[in-house]
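Here's the letter readout for the chains.
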Amino acid sequence: MNNKEIIIKGARSNNLKNIDVTIPRNQFVVVTGVSGSGKSTLTMDTLYAEGQRRYVESLSSYARQFLGRMKKPDVDYIKGICPAIAIEQRVSSSNARSTVGSMTETNDYLRLLYARVGRTFSPVSGLEVKKNDVTDVVNFIQKLPETTAVFLLIAFNVHEGRNATQELNLLLQKGFTRLWRNHEIIDIEDVLTQKNDADKTNTEKTDNEKNTENRNEDRNEHTYLLIDRFKVAADDDELRKRIGDSVQTCFNESSGACFVFENEKYTLFNNKFEMDGLEFPEPTPFLFNYNNPYGACPVCEGYGKTLGIDLDKVIPDKSKSVYEGAIACWRGETMGEWHKAFLQNAHKFEFPVHRAYRDLAENEKETLWTGNQYFQGIKAFFEEIEAQTYKIQYRVLLARYRGKTHCPACKGTRLRKEASYVKVGNTPMTKLIFMPISQLNTHFKNLELNENDTKVAKRLVQEIATRLEFMERVGLGYLHLDRQANTLSGGETQRIHLTRSLGSNLTSSMYLLDEPSIGLHPRDTNRLVDVLKNLRDLGNTVIVVEHEEDMIRNADYLIDIGPAAGIHGGEVVFQGAYNTIYTKANDSLTAKYLTGRMGIEVPSTRRKFFHKLVLKDVRQHNLKGFDVEIPLGILTVVTGVSGSGKTTLIKQIFYPALQKAMGENTAEQTGDFEELTGDIKKVTQIEMVNQNPIGKSSRSNPVTYVKAYDEIRELFTDQQLSKIKGFKPKHFSFNVEGGRCETCKGEGEQLVEMQFLADVRLECEDCKGKRFQQDVLDVEYNGKNISEVLDLSIEQALAFFQGEKSIIQKIKPLFDVGLGYVRLGQSSNTLSGGEAQRVKLASFLVREKNKEHIVFVFDEPTTGLHFHDIGKLLTALNALVERGHTVIVIEHNLEVVKCADWVLDLGPEGGNEGGHLVFAGTPENLIHCKNSYTGAYLKQKLV
């Protein structure tokens, strides 16, 4: 056997047609082909599944007991396989605690760094908080000049429940004999004698009065207990031991505080972490972990947000000044008194009442909210309202301004306030997590530490810097560590998983990636290629399922699966070095598109628009305050490099703003902008068609989503055997009891929870994955039972239901958007983000034509699409436009950009260097825009 190759013989899973594939090891291999041709089946369901099975085989007997039930890939044999790591295309976690920092493990190393070399600074004095030990005190004393008289002291305190006499007697019993007051030594016995004499002459006073006087007299800050006294002598080991013992006694008897008196000067040493009357927690990794109760902010419990007064609702238009009525809750006759009071007093503290709220300095905004000696702020206003919530009008008023807002205690950092007192290089961790990755990378490159801290932190800083470097190189430099995982696109999520894998520096492994270029602008694709080649150069085999042209052209080895999708695919059209595809792959659709023999035609004309919506002064995140026109009734593409502000503009500002303008109830917060104007009344509805799963349940599938399953169940209910057995439509449903298999609840598989390993899904032993009871499966239509019908692909179903017009009408749009290879009953959680998005698109195409004008927003709909399938997608999008709807697409794919009627290009860069509207107009004019990266790459598609 050749150890330099992975050999697959007789692969037959799903639609693969008994194919043989040879994959060279330690090379960058791209697997391509039309959507549904069998690429993922070959890489994930065959190659990775076998690698995972062999891994489990090497584990404990506990894990191996499930091995016999794990589905083995349908293949004759696989040889030369390496340890496999799969980075799949999947939608982000919905966990509100999951962030970029936690997903890449960067937060773990940051916590360790701050726990090991972080220095705590008091918020009162700004001085470093230090904890002294015995060695610190001994070293201090031994550095004093020889013969210096030194007194070791602790504060004399009268504890609760005792008087001064009782306290002194107790000290005598412990062996202490002297006090120190006003630089003089006093014997404790002499003090007690004086007290006894005083008590005899003061017999008329009650015991309580005497105890109070004694306590007040001796609880004196200048009174100390003398622990030891000596003169400094060099090279005296006995004295050093004596000093150490005495210092330890000081710490033990005083609860941590020791005073050293020498040369008329007191020096305090404390073995507690205290300063300025405050006790600080010692830095530990838990202090910087918002998922741990110890480190989480006690108010928001580590979420960073809490239910409170929503700033966006209180001040909806931040372009207005306080004088112009920016504060919505201070409008009206009654509440307007607060507005008048503020304006009358503003001159006393020089508040700029005519300046727009967004232009106020941070301290001026703080004054407006918290108030000062001249005026009570907005917070005081709501406190007064809350105090009167027994009146219904005040409860209604309060509800109007409530919402999810940044936690007032931690300011959105998620951590308890003490974490912000700890700094590394003068910067707290709470500040780092909000820096863009690119800026944070620069911060760690320039981080200066002392010699000792550098040694301690060397490996930690290296791990952090490595991950930040990788994230920047794969085009994620505009993100920050606190960015929530559920706000990321599918491509961003996958590149973050890639970063985590790269950070582990594994070698001799097999990496399988499913379309890592999703969400990347052509400008950034080459960076990703370089990262993958570096991974190859470490001695790994990198296998990428990909459609992106630049990725294909950079492959060391290319495998083309096809020639078409579903039952028409599953064959190896080409395998070999990339540069030979032009001469050896005549039947390859990929080769035809790469060589220009086939292509997506540029529209002969661009649609004109007569109505539009206008967003004014958009400023959310990195957007720089521009106005933008969004045409109605045409196909508009919003493009720009990764992180330029596309998602912010469309998903965070335009989409919720239009929803609210149309009177829809939405909990989504709207980004920072001035106003939305234009032909709003022309729009009847707005739909966000994203890549989220089409259903939360694993029983959700394409045929139920497009409402075709109701007709199919009715069809089976009408069969003669169903009528004999009394079956109703519910018996052919796997969502309710009746006909479904109750062992697996109609899922066809059972979940086995594995200790310390990922859960395993195994075929149900009762129904053998068929999901229904046997008597239901006995009912057939055209020779197939309900389970066999659900196992049909969309394309097969169109032929099978040829005589059922209503079913055909509902499932044909799925075929039209390029999903002919998807099975009718395929679980929604096995669909990629792009496939889920196209199922949603098909559901809209099913609707009958009417007078609705819907604004559709698509987020990267080309995800998972081959060149050949993008043409089908564009046909479907144009069908929506021809019906009178508006289609807005957030996209990087140049084939889509060149077919747009109107292009909005943001940039010119990502992150802080982006956020500008670089261009608005037709693709023909975009190629002449000098500042546009999109224009530069689009030129070759239009010329």
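Position labels on residues start from 1 in each chain and follow its written sequence. The predicted nature of this model means local features are confined to residues of pLDDT at least 70 and side-chain atom pairs, given and counted, to a pLDDT of 80 or more, with totals for whole chains, interfaces and linings taken over all residues. To get the side-chain values, take all heavy atoms of the structure and skip hydrogens and water.

Draft legend 1. Expanded view of the overall build of the protein. Helix and strand definitions here come from DSSP, where helices need a minimum of 4 consecutive H or I residues and strands a minimum of 2 consecutive E residues; each element is numbered from the N-terminal end. Helices and strands together make up the secondary structure of the protein, namely 35 helices and 35 strands. Contact criterion: two residues are considered in contact whenever any of their non-hydrogen atoms come within 4.5 Å of each other. In the protein, once contacts between residues fewer than 6 apart in sequence are set aside, the share between residues at least 24 apart is 69%. Surface summary for the protein: the accessible area is close to 43900 Å², and the carbon and sulfur share equals 45%. Taking the average place of the 119 positive charges on the side chains of the protein and the average place of its 125 negative ones, the gap between the two points comes to 5 Å. Here the accessible surface of atoms and residues is derived via Shrake-Rupley with a 1.4 Å probe, and residues count as covered only by protein chains that are part of the display. Charged residues are defined narrowly, with Lys and Arg counted positive, Asp and Glu counted negative, and His plus the chain ends left uncounted. To locate a charge, take atom NZ for lysine, CZ for arginine, CG for aspartate or CD for glutamate.

Draft legend 2. Focus on the environment of Leu172. Relative to the helices and strands, Leu172 is located in helix α6 (residues 164-174). Owing to a relative accessible area of 25%, Leu172 belongs among the partly exposed residues under this scheme. Separated by 365 residues in the primary sequence, Leu172 and Asp537 place their C-alpha atoms 76 Å from one another. Leu172 has contacts with Thr177, Ile188, Glu189 and Leu192, leaving out every residue within four places of it along the chain. When a residue's accessible area, from a 1.4 Å probe over protein chains only, is under 20% of the maximum for its type it is buried; when over 50% it is exposed; and in between it is partly exposed.

Draft legend 3. Fine view of a negative patch on the surface. A cluster of like negative charges, contributed by Glu146, Asp235, Asp236, Asp237 and Glu238, occupies part of the molecular surface. Mapped onto the fold, Glu146 is located in the loop between α5 (134-142) and β7 (149-155). By relative accessible area, Glu146 is classed as exposed at 51%. To count toward a patch, a residue needs a relative accessible area above 30% and no salt bridge. Like charges then connect within 9 Å, nonpolar side chains (Val, Leu, Ile, Met, Phe, Trp, Tyr) within 5 Å. Here a salt bridge means any side-chain nitrogen of Lys or Arg lying within 4 Å of a carboxyl oxygen belonging to Asp or Glu.

Draft legend 4. Spatial organisation of unusual backbone geometry. Between Gly562 and the following residue, Pro563, the backbone shows a cis peptide bond with an omega angle of 0°. On the secondary structure map, Pro563 appears in the loop between β23 (557-562) and β24 (571-576). For the bond from Gly907 to Pro908, the omega torsion is 0°, close enough to zero to count as cis. Structurally, Pro908 can be placed in the loop between β34 (902-907) and β35 (916-921). Look at Asn263: it is not a glycine, yet its phi comes out positive at around 50°.

Draft legend 5. Representation of helix α30 (residues 805-816) within the structure. One less than the number of residues in a helix, times 1.5 Å, gives the span that helix is expected to have. Counted at 1.5 Å a residue, the expected span for α30 with its twelve residues is 16 Å, and the 16 Å between its end C-alpha atoms agrees. Within the span of α30, buried status applies to Ile807, Ile808, Ile811, Pro813 and Leu814. With its phi angle positive at about 90°, Gly818 sits one or two positions after the end of α30.

Draft legend 6. Highlighting the confidence of the model for the protein. Residues at a pLDDT of 70 or more form 93% of the protein, whose mean pLDDT is 87. Scored below 50 in pLDDT, residues 214-221 makes 13 contacts in the model with residues more than four places away or belonging to other chains. Residue-level confidence of the predictor is summarised by pLDDT, bounded by 0 at the bottom and 100 at the top.

Draft legend 7. Main features of the packing of aromatic side chains. Note on ring pairs: Phe, Tyr and Trp rings are taken, using the six-membered ring of Trp, and paired if centres are within 6.5 Å. Classes follow the plane angle, with under 30 degrees stacked, over 60 edge-to-face and the rest tilted. For the structure shown, the criterion picks out 33 aromatic pairs. Taken together, a centroid distance of 6.2 Å and an interplanar angle of 65° make the contact between Phe349 and Phe351 edge-to-face. One aromatic cluster is present, built from ring pairs that chain together Trp330, Trp338, Phe342, Phe349, Phe351, Tyr374, Phe375, Phe381, Phe382 and Tyr401. Look at NZ for Lys and CZ for Arg. If either is within 6 Å of the ring centre and within 35 degrees of the ring normal, a charge sits over the ring. Sitting above the plane of the Tyr303 ring, Arg97 keeps its charged end 4.2 Å from the centroid. Taking NZ or CZ as reference, Arg416 lies 4.8 Å from the ring centre of Tyr294, over its face.

Draft legend 8. Structural view of the side chain of Lys318. Assignment of secondary structure puts Lys318 in the loop between α10 (311-314) and α11 (336-345). Residue Lys318 is classed as buried on the basis of its relative accessible area, which comes to 10%. Throughout this description, a polar contact denotes any pair of N or O atoms lying within 3.5 Å of each other; where both atoms belong to protein, one of them has to be capable of donating a hydrogen while the other can accept it, and for residues adjacent in sequence the pair is counted only when both atoms sit in side chains. Polar side-chain contacts of Lys318 include one of 3.1 Å to the backbone oxygen of Ile315. Non-local contacts of Lys318, meaning those with residues more than four positions away in its chain, are made with Leu311, Asp312, Ala356, Tyr357, Arg358 and Asp672.

Draft legend 9. Focus on the nonpolar core. Think of a nonpolar core as a cluster: buried Ala, Val, Leu, Ile, Met, Phe, Trp, Tyr and Cys residues, connected wherever their side-chain atoms sit within 4.5 Å. Formed by 73 residues in total, the largest nonpolar core has its most connected members in Ile712, Ile786, Phe801, Leu841, Phe858 and Val887. Considering each element in turn, this core owes the most residues, seven residues, to helix α32 (residues 867-882). If we skip the residues at most four places from it in the chain, Ile712 touches Val703, Ile786, Val789, Phe801 and Ile807. Counting residues in hydrophobic clusters, the runner-up holds 63 residues, among them Ala419, Val424, Ile464 and Leu479.

Draft legend 10. Spatial organisation of the pattern of salt bridges. Summed over all chains, the structure comprises 49 salt bridges. We note a salt bridge from Glu364 to Arg355, for which the minimum N-O separation is 3.2 Å. By relative accessible area, which is 37% here, Arg355 ends up partly exposed. Connected through shared salt-bridge partners, Glu549, Arg553, Glu895, Lys898 and Lys941 make up one network.

Draft legend 11. Representation of the sheet that holds strand β6 (residues 119-120). Pairing between two strands requires that DSSP report at least two bridges joining them. As summarised here, the arrangement of the three strands in space is β6-β19-β20, forming an open sheet in which the pairing is antiparallel. Each of the sheet's edge strands pairs with one partner strand only, and the pair in question is β6 and β20 (427-428). Sheet topology places β6 next to strand β19 (residues 422-424); two bridges connect them, and they run antiparallel. From the neighbouring strand, Thr120 faces β19, where its bridge partner is Val422.

Draft legend 12. Geometry of the pairing of strand β10 (residues 223-231). For β10, the tally of buried residues reaches seven of nine residues, placing the bulk of the element in the interior. Where β7 and β10 come together, seven bridges link them in antiparallel fashion. Looking at β10, one finds that Leu152 is bridged to Asp228. As defined by bridge partners, strand β8 (residues 178-181) adjoins β10 across three bridges and the pair is classed as antiparallel. Bridging from a neighbouring strand, Trp180 pairs with Tyr224 of β10.

Draft legend 13. The packing of α30 against helix α31 (residues 833-846), seen in detail. Relative orientation of the contacting elements α30 and α31 amounts to 140°, with a least axis distance of 8 Å. Taken as axis vectors, α30 and α31 run oblique relative to one another. In this structure, the crossing between α30 and α31 has a hand that is right-handed. For the pair α30 and α31, the contacting residues are Gln809, Lys810, Pro813 and Leu814 in the first and Val839, Ala842, Leu845 and Val846 in the second. Of the residues in the contact of α30 with α31, the class split is six nonpolar, one polar and one charged. Every axis in this analysis is a line fitted to C-alpha atoms, fitted for helices over the stretch in contact. Angles between the N-to-C directions lie between 0 and 180 degrees. Roughly parallel means an angle under 35 degrees; roughly antiparallel means over 145; roughly perpendicular covers 65 to 115; every other angle is labelled oblique. Should the near helix be turned counterclockwise from the far one by less than a right angle, the crossing is left-handed, whereas a clockwise turn marks it as right-handed. In this classification, Asp, Glu, Lys and Arg are treated as charged, Ala, Val, Leu, Ile, Met, Phe, Trp, Tyr, Cys and Pro as nonpolar, and every other residue, Gly included, as polar.

Draft legend 14. Helix α13 (residues 378-386), seen in detail. Considered for burial, the residues of α13 that qualify are Ile378, Ala380, Phe381, Phe382 and Ile385. Along its buried surface, α13 packs onto β15 (305-309), α10, α11, α12 (362-370), β17 (375-376) and α14 (392-400).

Draft legend 15. The arrangement of empty space enclosed by the protein in detail. Grid points spaced at 1 Å and placed over the protein atoms alone form the basis of the search, with a cavity being a set where a 1.4 Å probe fits but cannot get out and a pocket an open set showing protein on both sides within 12 Å along at least five of seven lines. Lining residues have an atom within 4 Å of a point. Grid points are joined across faces, edges and corners, and a volume is the space filled by probe spheres set on the points. This structure, assessed with the given rule, holds three cavities of 30 Å³ or more. As a volume, the second largest cavity reaches approximately 50 Å³. Here the residues of the lining of the second largest cavity sort into six nonpolar, two polar and one charged.

Draft legend 16. Main features of the environment of Glu835. In this structure, Glu835 sits in helix α31. With 789 residues separating them along the chain, Glu835 and Thr46 place their C-alpha atoms 21 Å apart.

Draft legend 17. Fine view of the sheet that holds strand β28 (residues 675-678). Pairing is antiparallel in the open sheet, where three strands are placed in the order β26-β25-β28. Each having just a single partner strand, β26 (626-632) and β28 make up the two edges of the open sheet. Pairwise comparison of adjacent strand axes, ignoring direction, gives a mean angle of 20° for this sheet. When strand β25 (residues 611-618) meets β28, the two strands line up antiparallel, connected through four bridges. From the neighbouring strand, Leu615 faces β28, where its bridge partner is Leu676. Across the sheet, helix α23 (residues 646-661) touches β25, β26 and β28, and the angle it forms with β25 is around 120°.

Draft legend 18. Just the side chain of Thr413, in detail. Structurally, the position occupied by Thr413 is in the loop between β18 (402-406) and β19. Among the residues examined, Thr413 registers a relative accessible area of 11% and is labelled buried. A distance of 2.8 Å separates a polar side-chain atom of Thr413 from the backbone oxygen of Cys410. In contact with Thr413, not counting residues within four places along its chain, are Thr430, Ile433 and Phe434.

Draft legend 19. Region of the structure containing the environment of Arg527. Structurally, the position occupied by Arg527 is in helix α19 (residues 522-537). For Arg527, a relative accessible area of 35% translates into the label partly exposed. When the C-alpha positions of Arg527 and Gly825 are compared, they lie 39 Å apart, and in sequence the two are 298 residues distant. Excluding anything up to four places from it in sequence, Arg527 contacts Glu472, Arg473 and Gly475.

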